[in-house]
Structures are given as structure tokens and as C-alpha cells.
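Letter by letter, the chains look like this.
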Amino acid sequence: MLRHSAFFMLKAGNGAEEMLWMTKGSAYMRFTCPSVRALDFGTDLFGGSTVLAETKPWKRTPRWRSHMEGPPSSYDVALHLDFDDQAGIDDYNKDDVHHEVAVYNAAVCQGEYTARIDWWYDGEPLITRDAVRHAAMFLWDDGVDEASKTKALDDVRRLGDQTGVQRLTIGTNVGTLLTDYDWILDVELPDPDTTKGFLASDAYADAMRSLAGVTKHEWTARMSHAMHGL
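None of the values given here were measured: they were computed from a predicted structure.

**Quick notes on the environment of Ser-73**
Then comes step 1: Checked against the element boundaries, Ser-73 lands in the loop between β2 (38–43) and β3 (77–83).
Then comes step 2: It is 9.8 Å that separates the C-alpha atoms of Ser-73 and Phe-46, two residues lying 27 residues apart in sequence.
Then comes step 3: Those residues in contact with Ser-73, other than ones at most four positions away along the chain, are Met-9, Gly-48, Ser-49, Val-51, Leu-52 and Arg-222.

Below, the structure is given as C-alpha cells:
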């Protein structure tokens, strides 16, 4: 299955109403573009970028100084679309409803922060309705060798052994856009409480520390959302 994943970050001042219309538009695309095999979407369970409003900009580490610390917040809205092949994505990109939804999303989101990746995985659609998806996209740091990448990915795969993790998948980008991320971590968990514990665990912190040395960690794009699969 070829999946297109995209994370969106709202512009300041936008919130629940804008996210509702974004998710409605995402769901509608499942029925307007025949090449879409399956679709999942959701909003961040733990506040997304809205938590930034709780801390004044001059009191938090800016993104350009947070290489080891990571991003200052999570993203707000996620969209995952599954296709049989590249031709399916090409048809989706030509779809009129997709264009209408994209125009609205561009109006309410910070387009320069939108995170995208196209990636293959095996089996049926990675969607378990009402379970939680924690997903994070990463960019390799410049000059990192293959051995270092392999070690970091092995560290990440060990998260699949943590209590509550139902499935862990790693996907590599096959897209061609300059804005594409390099790879994605996709974790399925049963509920928000288990997800919160997973993200607060020493094992997750150790994995992120490992990645901070080989990725542009400050640009990591992450989200945890309930799956609304169609």
C-alpha cells in the first residue's frame, strides 16, 4: 500500500472550528476520488500547536536553537491516504475536491510548516478505528552515514516492545517534493492514556535522544490522534 501522510499546523488564532472543517474536507475526499483506497485523519490529542499560546515566544527555545531539544510543539491535523500505486496518487492530485480542500487548508494553516511524506507499507490499510496513532516524521541530518542511520532505526524499532504498543511501522519517503520528509515512524496504541504513558516513558526519551544526534530534530513533525478510518 502506498500512503501519503500530511501534518498541518494552524495559523495563530485558528482552532477547533477550523480543524473541524479540515477534517470534514478530509473525510469527503474518500468518496470523491476513486483512487483513494482508504483514508485516516484526526486532530492532536494533546493540544498540538495551541500549547504554544501558553508560553510567550521569548520564554521558549526557538526552533532554530532546539536541535537536541526537538520541536516546540506537535502539529494539529493529520491526513493519511492509501493508494494502490503512484498512479493513484497522481489521480488524487488532479481531483477537483482535493484542490478545494487544499485551498481551505492553506488559508487556515502555516503552509511553510506542512509536513509530507509518501511511503510504502505491506498488508491491509494501517487503520484501526478508535485506536490511537502516534506518528512522527524525521529529516536525516546532513552527512550522516548509513551505519549511523541503521543504528538509530534499530533503536526506534525497539519501541515496538513497549507495553501497549500494538504495531510499529517505519516508512521511507519515495516522494519527489523538496518539502518531503525522509522517513516516518507510525505507532498504533489502544487509547490516549496508554499513548501518554508511551510518550512519557524512558524508552521513548532514549529513542528520541538517539535520533537527535542523526536527524534535524528541531524539525521533527509529530502527532498523536484517534484514528477515524474510512
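**Some thoughts on the pairing of β2**
Then comes step 1: In terms of burial, β2 is largely enclosed, as five of its six residues are buried.
Then comes step 2: Direction of pairing for β2 relative to β3: antiparallel, over a ladder of six bridges. The partner of Leu-39 across the bridge, within β3, is Leu-81.

**Digging into the side chain of Asp-95**
Then comes step 1: Here Asp-95 lies in the loop between α2 (86–93) and α3 (96–108).
Then comes step 2: Within the buried set, Asp-95 has no salt-bridge partner at all; the shortest N-O distance to an opposite charge, 11 Å, is to Arg-30.
Then comes step 3: Among the polar contacts listed, one links the side chain of Asp-95 to the backbone nitrogen of Val-97, at a separation of 3.1 Å.
Then comes step 4: A distance of 3.0 Å separates the side chain of Asp-95 from the backbone nitrogen of His-98, its partner in a polar contact.
Then comes step 5: Setting aside anything within four residues of it in sequence, one finds Asp-95 in contact with Thr-32 and Cys-33.

**Concerning the layout of surface pockets**
Then comes step 1: Approximately 460 Å³ is the volume found for the largest pocket.
Then comes step 2: In terms of lining, the largest pocket is formed by 25 residues, of which the most central are His-4, Tyr-92, Asn-93, His-98 and Arg-116.
Then comes step 3: Counting residues per element, the ones that place at least two in the lining of the largest pocket are β1 (2–8), α2, α3 and β4 (115–120).
Then comes step 4: Classifying every residue of the lining of the largest pocket gives 11 nonpolar, 10 polar and four charged.

**Regarding the pattern of salt bridges**
Then comes step 1: Taken as a whole and judged by the stated rule, the model has 11 salt bridges.
Then comes step 2: Here Asp-84 ties to Arg-37 by a salt bridge, and the two come within 2.2 Å at their closest N and O atoms. With Asp-84 in the loop between β3 and α2 and Arg-37 in the loop between α1 (16–32) and β2, this pair connects stretches of sequence that are 47 residues apart.
Then comes step 3: Salt-bridge contacts for Glu-146 lead to Lys-149; the nearest nitrogen and oxygen are separated by 3.5 Å. Note that Glu-146 and Lys-149 are positioned in helix α4 (residues 146–157) at a spacing of three residues, about one turn of the helix.
Then comes step 4: The class of Glu-146 is exposed, set by a relative accessible area of 54%.
Then comes step 5: By relative accessible area, Lys-149 is classed as buried at 17%.

**Comments concerning the side chain of His-225**
Then comes step 1: Counting through the fold element by element, His-225 comes out in strand β8 (residues 221–226).
Then comes step 2: Side-chain polar atoms of His-225 contact the side chain of His-80, separated by 3.4 Å.
Then comes step 3: Each residue touching His-225, except ones within four places of it in the same chain, is listed here: Asp-40, Phe-41, Gly-42, Thr-43, Leu-45, Ala-78, His-80, Ala-131, Val-132 and Arg-133.

**Digging into the environment of Lys-149**
Then comes step 1: Expressed as a C-alpha distance, the spacing of Lys-149 and Asn-173, which sit 24 residues apart in the sequence, is 14 Å.
Then comes step 2: Other than its neighbours up to four places away in sequence, Lys-149 contacts Trp-140 and Val-144.

**So, a nonpolar patch on the surface**
Then comes step 1: Nonpolar side chains collect at one region of the surface, where Tyr-28, Phe-31 and Leu-230 lie side by side and expose about 360 Å² of accessible area between them.
Then comes step 2: Locating Phe-31 in the fold gives a position in helix α1.
Then comes step 3: Exposure remark for Phe-31: the relative accessible area of 64% places this residue in the exposed category.

Rules used throughout
- Each chain has its residues counted from 1, running along the sequence as written.
- Note on the predicted model: pLDDT of at least 70 is required for a residue's local features to be given, and 80 or more for side-chain atom pairs to be given and counted; whole-chain, interface and lining totals, by contrast, use all residues.
- Each side-chain value is worked out from all heavy atoms of the structure, with water and hydrogens disregarded.
- A run of DSSP states H or I qualifies as a helix once it reaches four residues; a run of E qualifies as a strand once it reaches two. Both are numbered from the N-terminal end.
- Residue contacts are counted whenever heavy atoms from the two residues lie within 4.5 Å of one another.
- Partly exposed describes any residue whose relative accessible area lies between the buried limit of under 20% and the exposed limit of over 50%, with all areas from a 1.4 Å probe on protein chains only and scaled to the type maximum.
- A pair of strands counts as paired when DSSP detects no fewer than two bridges linking them.
- Positive charges come from Lys and Arg, negative ones from Asp and Glu, while His and the chain ends are left out of the count.
- Salt bridge criterion: a side-chain nitrogen from Lys or Arg within 4 Å of a carboxyl oxygen from Asp or Glu.
- Contacts described as polar in this section are N or O atom pairs within 3.5 Å, which, within protein, must combine one atom able to donate a hydrogen with one able to accept it, while residues neighboring in sequence count only if both atoms come from side chains.
- The rule is simple: put a 1 Å grid over the protein atoms alone, call a set of points where a 1.4 Å probe fits but cannot get out a cavity, call an open set with protein on both sides within 12 Å along at least five of seven lines a pocket, and count a residue as lining if it has an atom within 4 Å of a point.
- Grid points are joined across faces, edges and corners, and a volume is the space filled by probe spheres set on the points.
- Here the nonpolar group is Ala, Val, Leu, Ile, Met, Phe, Trp, Tyr, Cys and Pro; Asp, Glu, Lys and Arg are the charged ones; every other residue, Gly included, is treated as polar.
- Here, patches come from residues exposed beyond 30% relative accessible area and free of salt bridges, joined within 9 Å for like charges and within 5 Å for nonpolar side chains (Val, Leu, Ile, Met, Phe, Trp, Tyr).
- Using the Shrake-Rupley algorithm and a 1.4 Å probe, accessible areas are obtained, with residue cover drawn only from the displayed protein chains.

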